[in-house]
Amino acid sequence: METAEELQVVNYGMGGHYEPHFDFARKEEKSAFDPNDGNRIATMLFYMSDVEAGGATVFPQVGARLVPEKGAGAFWYNLFRSGEGDFLTRHAACPVLVGSKWVSNKWIHERGQEFRRKCGLSPDE
């Protein structure tokens, strides 16, 4: 994938967490990404370890909770087919209570995906 970012590997030790955020850039963040690559259309998150306690990935707006399990992964689109950001994708990493959490993620950008995920007919597709 030519317009994907490098694989990012992250370790969360005891108490490690990440505040609620979006993976896509909002309209006011005009210089967040290279205009030739476009915004982050999708995220692939890989769980590289089990966690004894805590460390879930949560999506508060939809009530989803993903418990880290070594070898598992999660994929989601950050943008609607129209290119507008999906605000339901706001997510966070809960604090690790016992143990350590290893994850890696791959962010895929818009350019080069036109024939893989074609445009929709309405902004909410």
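Each remark here, short or long, concerns the structure printed above.
Here the residue numbers are simple positions, counted from 1 along each chain's written sequence. Reporting in this predicted model follows two pLDDT cut-offs: at least 70 for local features of residues, and 80 or more for side-chain atom pairs to be given and counted; totals over whole chains, interfaces and linings ignore these cut-offs and use all residues. Side-chain metrics in this entry use all non-hydrogen atoms of the structure; hydrogen atoms and water are not considered.

### Here we look at the sheet that holds strand β7 (residues 73-77)
Note on sheets: strands pair through backbone hydrogen bonds, and any given pair is parallel or antiparallel.
Thinking step 1. As summarised here, the arrangement of the 4 strands in space is β1-β10-β3-β7, forming an open sheet in which the pairing is antiparallel. The open sheet terminates on both sides in strands that have one partner only, identified here as β1 (8-12) and β7. Mean inter-strand twist for the sheet, computed between neighbouring axes without regard to direction, equals 20°.
Thinking step 2. Strand pairing is assigned whenever DSSP detects at least two bridges linking the two strands. To qualify as a helix, a DSSP run of H or I must reach at least 4 residues; to qualify as a strand, a run of E must reach at least 2; elements of each kind are numbered from the N terminus. When β1 meets strand β10 (residues 101-109), the two strands line up antiparallel, connected through 5 bridges. Each residue of the ladder has a partner; that of N11, found in β10, is W102. Each axis is a line fitted through C-alpha atoms, taken for helices only over the stretch in contact, and angles between the N-to-C directions span 0 to 180 degrees.

### Quick look at the nonpolar core
Thinking step 1. Joining through side-chain atoms within 4.5 Å is the link that ties buried Ala, Val, Leu, Ile, Met, Phe, Trp, Tyr and Cys residues into a set, and such a set is a nonpolar core. A simple rule labels every residue: compare its accessible area, found with a 1.4 Å probe on the protein chains alone, to the largest value its type can have, and call it buried under 20%, exposed over 50%, or partly exposed in between. By size, the foremost hydrophobic cluster in this structure holds 10 residues: Y12, L45, Y47, V51, F59, A74, W76, A93, V96 and V103.
Thinking step 2. Those elements that place two or more of their residues in this core are β3 (40-47) and β7.
Thinking step 3. Here, residues are in contact when the closest pair of their heavy atoms is within 4.5 Å. Those residues in contact with F59, other than ones at most four positions away along the chain, are A64, L66, W76, L88, T89, R90 and H91.
Thinking step 4. Core analysis: the second largest hydrophobic core is formed by 6 residues, F22, F24, I41 and A42 among them.

### Section: the sheet that holds strand β8 (residues 91-93)
Thinking step 1. As summarised here, the arrangement of the 4 strands in space is β2-β8-β5-β6, forming an open sheet in which the pairing is antiparallel. In the strand order of this sheet, the two ends are held by β2 (18-21) and β6 (64-66), each with one partner. With strand direction ignored, the average angle separating the axes of adjacent strands in the sheet is 15°.
Thinking step 2. Summarising the sheet, β2 and β8 pair through 2 bridges and their orientation is antiparallel. Paired with Y18 across the strands is A93, a residue of β8.

### Details of the environment of V9
Thinking step 1. Structurally, V9 is set in strand β1.
Thinking step 2. In this structure V9 comes out as partly exposed when scored by relative accessible area, which is 48%.
Thinking step 3. On a C-alpha basis, the gap between V9 and S104 in space is 4.2 Å, while along the polypeptide they are 95 residues apart.
Thinking step 4. When neighbours within four sequence positions are excluded, V9 is seen to be in contact with M48, W102, V103 and S104.

Note that every value here comes from positions in space, so none of it alone points to a role or purpose.
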